[in-house]
Amino acid sequence: MLSERRLQVLRAIVQDYVGTEEPVGSKALTERHNLGVSPATVRNDMAALEDEGFIAQPHTSAGRIPTDKGYRLFVDKLAGVKPMSAPERRAIQNFLDGAVDLDDVVARTVRLLAQLTRQVAVVQYPSLTRSTVRHVELLSLAPARVMLVLITDTGRVEQRMVDCPAPFGEASLADLRARLNSRVAGRRFSDVPRLVEDLPEGFDAEDRGTVSTVLSTLLETLVEENEERLMIGGTANLTRFGHDFPLTIRPVLEALEEQVVLLKLLGEAGDSGMTVRIGHENAYEGLNSTSVVSVGYGSGGEAVAKLGVVGPTRMDYPGTMGAVRAVARYVGQILAES
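Residues numbered from 1 in each chain as written. Predicted model: local features only at pLDDT ≥ 70, side-chain atom pairs only at ≥ 80, totals over all residues. Heavy atoms only, no water.

- Per an unreviewed UniProt entry, the chain is named Heat-inducible transcription repressor HrcA, and its organism is Streptomyces guryensis.
- Check the Function (unreviewed entry) section of the UniProt entry for the chain; it says "Negative regulator of class I heat shock genes (grpE-dnaK-dnaJ and groELS operons). Prevents heat-shock induction of these operons."
- Regarding the chain, the UniProt comment filed under Sequence similarities (unreviewed entry) reads as follows: "Belongs to the HrcA family." (UniProt positions renumbered as here; feature names shortened; annotations may be inferred.)

Below you can see the structure in the form of structure tokens.
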């Protein structure tokens, strides 16, 4: 375990390096921070921190910079989450309140996160598998053609065309709509197959084929494989950090184009807690020079998706964590109210 003073020295090194982009020396530390000890003592502390792998010397005669291990300790033990100011919170709320639908909520969230953190923002669309049914609408387009509209608790809307095996009258359609909603409205997607399996039996024999066709279309919509959608923004922000990427920015940009990589980075959506992955903790090699800060968002107490930011390991962790958490909270409120 590091002594309290060495933890203070590490905190000061991280703060100075993030703020100045320059390796930090013992003299500068004692001048900028009230550590209460001499530069010689700070030098000894820095040597000990270096021996234990928390800081490193980038090149001769320079100061020291934090390693992934140093940032990890800083995030876990030394950095609080910096709360947003009241004007910042109002600005977030006003910006997100203007959204007209789920796509607009996600697009505005991406833009807002990228602006607040000046990093790359990634927002996952609410997952269908963790959603509940708000309403199922059935609209007659032709005697044997129906449009099925599925509306989720997160405001997601899915539309499907259903070609029925026989003509289906307005009265029968209204009856199916009412019976279907009485069973599935407010229920989890995973419960729906069980809730509707005997529904066709309550209809006249000539209508059962059409009822079964509508239900199979609904169930296909619930289990679609390609549901994990993402929106990304602020990639140009990375160009401001060119010197933070040791060789080239290209591997980072390539990784950001891989949706599967980004979904893995954000982590399991069901886990709503704040996650910070630093440098080599990211399994994808192209992102070894970045950090990812992500958190779950959702209506009520349950996360339905994740959002977060990707930036260099030389990141303002308290500020980034505060912004990510605040935005997630407001997005959750909007979904709950929509």
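Text resumes after the structure shown.
1. Here we look at a nonpolar patch on the surface
Next up, step 1: Side chains of L139, L141 and M161 sit close together on the surface and give an oily, nonpolar patch of about 260 Å² of accessible area.
Next up, step 2: For L141, the location among the structural elements is in strand β4 (residues 133-142).
Next up, step 3: A relative accessible area of 45% places L141 in the partly exposed class. (Patch = residues over 30% accessible without salt bridge, like charges linked within 9 Å, V, L, I, M, F, W, Y side chains within 5 Å. Areas by Shrake-Rupley, 256 points an atom, 1.4 Å probe, with all protein chains shown as cover. Salt bridge = Lys/Arg side-chain N within 4 Å of Asp/Glu carboxyl O. Helix = DSSP H or I, 4+ residues; strand = E, 2+ residues; numbered from the N terminus. Buried < 20%, exposed > 50% of the residue type's maximum accessible area, 1.4 Å probe, protein only.)

2. Side note on the sheet that holds strand β8 (residues 275-278)
Next up, step 1: Read across the open sheet, the five strands follow the order β7-β3-β10-β9-β8; overall the sheet is antiparallel. Only two strands of the sheet have a single partner each, and these edge strands are β7 (230-233) and β8. Direction aside, the axes of adjacent strands within the sheet are offset by 15° on average.
Next up, step 2: Where strand β3 (residues 120-124) meets strand β10 (residues 305-312), four bridges bridge the pair, whose relative direction is antiparallel. Directly across from V120, in β10, lies its bridge partner V310.
Next up, step 3: Strands β3, β7, β8, β9 (290-297) and β10 of the sheet are contacted by helix α11 (residues 259-266), whose axis makes an angle of about 90° with β7. (Pairing = 2+ DSSP bridges. Axes fitted to C-alpha atoms, helices over the stretch in contact; angles between N-to-C directions. Contact = heavy atoms within 4.5 Å.)

3. Section: the pairing of β10
Next up, step 1: Where burial is concerned, most of β10 is hidden: eight out of the eight residues are buried.
Next up, step 2: Sheet topology note: the β9/β10 ladder contains eight bridges and is antiparallel. Directly across from T290, in β10, lies its bridge partner P312.

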